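# Architecture at a glance
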Amino acid sequence: MTSLPPFPARRGDELSPKEGRSPAHPRDPVQRIIGAVWDFGALLVAVELNLAGHLAKEPLPVDELAKRCGAHSGALRRVLRTLEPYDLVRFSEGKRWALTAAGALLHNDAGAAIQGHIRGRAEPDSWRDILTWPEKVTADQPVTPSPRRRRRGLSASADIGLADLLDSVDTFGALLVVAQLGLADRLASTSMRIEDLAADCGADEKTLSWMLRRLVSHGLFSRRGGLYVTRPAAETLQKDRPDSMLPAVSMNGQTLWWEMLRRLPDTVRLGMPTLPDGSSSTYAYLAAHPDILARFQTFMGTRTYPVAQWLAEEAVPGSTVVDVGGGHGTILAEILKKQPTCHGVLLERPAVITATRTSLAGQGLLDRCTLLAGNFFTEVPAGGHTYILGSVLHNWGDARARRILERVRQAMTPTDSRLWCVDALLPSDNEPHPGRSLDMRMLSLFGAGQERTRREYETLLADAGLTVRRQARLPHALTMTEAVIAAQ
Ligand SMILES: C[S@@+](CC[C@H](N)C(=O)[O-])C[C@H]1O[C@@H](n2cnc3c(N)ncnc32)[C@H](O)[C@@H]1O
């Protein structure tokens, strides 16, 4: 392998003390609406496992709480960690979880109504109904949201408060309608009155009106002189953007995701999810359902695109880049376009690699790529300067993530290779962070798959014989961790 000059240390060499915070991005509001639905799953767990009832008696360490409510301790800890920024529970100095005043609302006299609302919204019929809202709206069938929760008494330090969390399912329904009716594109170059907009897309005016007002309060649209206009957040829902949020909305609005979220209380009891068709894992399920797999990969492509552009700036000319679990090749494509002298290798599961080939061929990049159908648990190709694990490690628990890292380390050379890992790093305090919602998604879909704090991430790498050289904050609340083989 040709030796390259030492890798330049450039942008983002150090993270600020508030390591979890990313700069604001127009995609954040849409991401927050989607994330709140996964946080709602944590709330559902709190209700179904009667967490408030147990903690109302006394603060408890997580293991004891898990014992009392029949839960898997590790999974329960992640749920508590998700509810903490909503100010429902607090982790105290004595390593005990305590109920806050807002958390007590789930248990006291007012609690029955709130619990009823949460349970009602998680009913299969209720969720199925929401997924049909886009059709209903255009079939002139009015859609009524469940009454908004009173904000009084509900405070939260999070970017999105508990009241918004309770409304999250209806708000996501509104987002789904706006996405499927293409309203962000319709309003791209003009402002419109609600009656004209409703007529333009054949929708029920009253229904569309409450939905848009709901999304105004989440920063997607504004209303001036009776006219609706898009804000930058809604522009991310336009369709012809490589980083469009439309596939994210569509992915989160499909039945499997909702079913897995609805099962979260059972997942927390067992410590692992059960798939509706009995598949052994979410990736096995996706392999058996090509339509959902294709949607998932499209979603990953748009989610990864801003990250790919960032990484492309960092690639060294003339180097070989090995993307491990590279999906449809979003990262590799941007690197190869930016660096015409780079060569790419992409390892993916056999169920995915054909679509990867089609995608890279369509961009005229196939002659500079080697595509390998394989399994990163058994072998990772040698000969790379830069190895990439983009949003891969968070799909797996520590033992399996370590196994992947060991395979990568075995393929690397001590002097000429580096590894880039891209994942969300959770803050170690109780700051709100999009990674917490992502963690609920990982728990629902992958069980042991998880987001990690910076320290947990560094420990994982160290256990696999790798050492962190630098970390940099990426778009979309993600972090790039660059690692090399640790000195013996
Ligand atoms: C969350 S996606 C990330 C895709 C891509 N790296 C990105 O950043 O957009 C994880 C990828 O790991 C792949 N994967 C899962 N298990 C694998 C295995 N055993 N061997 C190789 N790839 C695998 C999946 O097919 C999926 O494309």
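Residues numbered from 1 in each chain as written. Predicted model: local features only at pLDDT ≥ 70, side-chain atom pairs only at ≥ 80, totals over all residues. Heavy atoms only, no water.

### Some details on the domain arrangement of the protein chain
For the protein chain, the assigned domains read domain 1 (28–242) and domain 2 (301–485). A separation of 31 Å is found between the C-alpha centroids of domain 1 and domain 2. At the junction of the two partners, domain 1 supplies 18 residues and domain 2 supplies 23 residues. In total, about 1,600 Å² of surface goes out of reach between domain 1 and domain 2, with carbon and sulfur atoms giving 56% of it. Counting the surface domain 1 buries against domain 2, the share from its top three residues, Trp38, Arg78 and Arg81, is 42%. Counting across the interface, domain 1 meets domain 2 through three salt bridges. For Arg77, the salt bridge identified is with Glu456, shortest N-O distance 3.7 Å. On inspection of domain 1 and its partner domain 2, the count reaches eight residue pairs in polar contact (both at pLDDT 80 or more). (Domains from an automatic or database assignment. Contact = heavy atoms within 4.5 Å. Buried area = accessible area lost by both parts, 1.4 Å probe. Salt bridge = Lys/Arg side-chain N within 4 Å of Asp/Glu carboxyl O. Polar contact = N/O pair within 3.5 Å; in protein donor to acceptor, adjacent residues only side chain to side chain.)

### Here's the deal with the layout of surface pockets
Empty space within the second largest pocket amounts to approximately 600 Å³. Grouping the constituent residues of the lining of the second largest pocket by class yields 15 nonpolar, 15 polar and five charged. (1 Å grid on protein atoms, 1.4 Å probe; cavity = no way out; pocket = protein on both sides within 12 Å on 5 of 7 lines; lining within 4 Å. Points joined across faces, edges and corners; volume = space filled by probe spheres on them. Nonpolar A, V, L, I, M, F, W, Y, C, P; charged D, E, K, R; others polar.)

### What about the packing of aromatic side chains?
Across all of its chains, the model carries 13 aromatic pairs by this definition. Measuring from ring centre to ring centre gives 5.3 Å for Tyr283 and Phe446, while their planes differ by 45°; the resulting arrangement is tilted. Of this pair, Tyr283 sits in helix α18 (residues 282–288) while Phe446 sits in helix α23 (residues 434–446), and the two are 163 residues apart along the sequence. There is no split in this pair, since Tyr283 and Phe446 are both buried. Chaining the aromatic ring pairs together yields one cluster made of Trp257, Tyr283, Phe296, Phe299, Phe376, Phe377, Trp396 and Phe446. The side chain of Arg400 reaches across the aromatic face of Phe377, ending 4.2 Å from its centre. (Phe/Tyr/Trp six-rings, centres within 6.5 Å; stacked < 30°, edge-to-face > 60°. Helix = DSSP H or I, 4+ residues; strand = E, 2+ residues; numbered from the N terminus. Buried < 20%, exposed > 50% of the residue type's maximum accessible area, 1.4 Å probe, protein only. Lys NZ or Arg CZ within 6 Å of the ring centre and 35° of its normal.)

### What to know about helix α1 (residues 28–48)
Between the first and last C-alpha of α1 there are 30 Å, a value that for 21 residues agrees with the 30 Å anticipated at 1.5 Å per step. Extensive coverage of α1 is indicated by the burial of 19 of its 21 residues. The first or second residue beyond α1 is Asn50, which carries a positive phi of 50°. (Expected span 1.5 Å × (residues − 1).)

### Points about the site of the ligand
Near the ligand, the surroundings consist of 19 residues, among which Thr304, Gly325, Glu348, Asn375 and Gly390 are the closest. Between Asn375 and the ligand, the recorded distance is 2.9 Å, taken from a side-chain N or O atom to a nitrogen atom. One of the backbone nitrogen or oxygen atoms of Gly390 is found 2.8 Å away from a nitrogen atom of the ligand. Looking at the shell around the ligand element by element, the count peaks at three residues for helix α19 (residues 290–314). (Near = heavy atom within 4 Å.)

### Let's talk about the nonpolar core
Formed by 158 residues in total, the largest nonpolar core has its most connected members in Leu76, Leu208, Leu220, Val268, Leu389, Leu405 and Leu419. When residues in this core are grouped by element, the largest group, 13 residues, is from α1. Here this core gathers at least three residues from each of two domains, domain 1 (28–242) and domain 2 (301–485). Those residues in contact with Leu76 that sit more than four places away from it in its chain are Leu51, Val62, Leu65, Ala66, Cys69, Ala71 and Val268. (Core = buried A, V, L, I, M, F, W, Y, C linked by side-chain atoms within 4.5 Å.)

### Observations regarding the state of the cysteines
For the structure shown, the criterion picks out zero disulfides. Summary of cysteine pairing: Cys342 is not part of a disulfide, and the nearest cysteine sulfur, belonging to Cys369, is at 11 Å. In this structure Cys342 comes out as buried when scored by relative accessible area, which is 2%. (Disulfide = S-S within 2.5 Å.)

### A look at the pattern of salt bridges
This structure, assessed with the given rule, holds 25 salt bridges. One salt bridge connects Arg418 with Glu482, and the closest N-O pair in it is separated by 3.3 Å. Separated by 64 residues along the polypeptide, Arg418 in strand β10 (residues 418–423) and Glu482 in strand β14 (residues 478–485) bring together distant segments of the chain. Here Arg418 falls in the buried class, since its relative accessible area comes to 0%.

### Considerations on the sheet that holds strand β4 (residues 221–224)
Adjacent strands of a sheet pair through backbone hydrogen bonds, lying either parallel or antiparallel. Spatial ordering of the open sheet is given by β3-β5-β4, a layout of three strands whose pairing is antiparallel. Because the sheet does not close on itself, it has two edges, and the strands there are β3 (192–193) and β4. Of the pairings in the sheet, the one linking β4 to strand β5 (residues 227–230) comprises four bridges and is antiparallel in character. Residue pairing across strands places Arg224 opposite Leu227, the latter belonging to β5. (Pairing = 2+ DSSP bridges.)

### Some thoughts on the confidence of the model for the protein chain
When the pLDDT values of the protein chain are averaged, the result is 90; 92% of them are 70 or greater. When the criterion is pLDDT under 50, residues 9–20 qualifies, and its contacts beyond four places in sequence or with other chains add up to 29 contacts. The low-confidence segment residues 151–159 (pLDDT under 50) makes 24 contacts with residues lying over four places distant or belonging to another chain. (pLDDT = per-residue confidence, 0-100.)

### Considerations on the sheet that holds β10
Spatially, β8-β7-β6-β9-β10-β14-β13 is the arrangement adopted by the seven strands of the open sheet, whose pairing is mixed. With partners counted over all chains shown, the strands left at the sheet margins are β8 (369–373) and β13 (466–474), one partner each. Sheet twist, expressed as the average angle between the axes of neighbouring strands with direction ignored, equals 20°. Bridge analysis of strand β7 (residues 343–348) against β8 gives five bridges, and the strand direction is parallel. Across the sheet, the residue bridging to Leu347 is Leu372, located in β8. (Axes fitted to C-alpha atoms, helices over the stretch in contact; angles between N-to-C directions.)

### Comments concerning helix α16 (residues 255–262)
The buried fraction of α16 amounts to six of the eight residues, a majority that puts the element mostly inside the structure. If you check which residues of α16 are buried, you get Leu256, Trp257, Trp258, Glu259, Met260 and Leu261.

### Overview of the side chain of Thr82
With respect to the secondary-structure elements, Thr82 resides in helix α4 (residues 73–83). Its relative accessible area of 3% is what places Thr82 among the buried residues. With residues up to four places along the chain from it excluded, the contact list for Thr82 reads Asp39, Ala42, Arg436 and Met440.

### Examining the pairing of β5
With two bridges joining them, β3 and β5 adopt antiparallel strand pairing. Within β5, the position partnered with Arg193 by the bridge is Leu227. Between β4 and β5, which pair antiparallel and follow one another directly, the connecting turn spans two residues, one of which, Gly225, has a positive phi of 55°.

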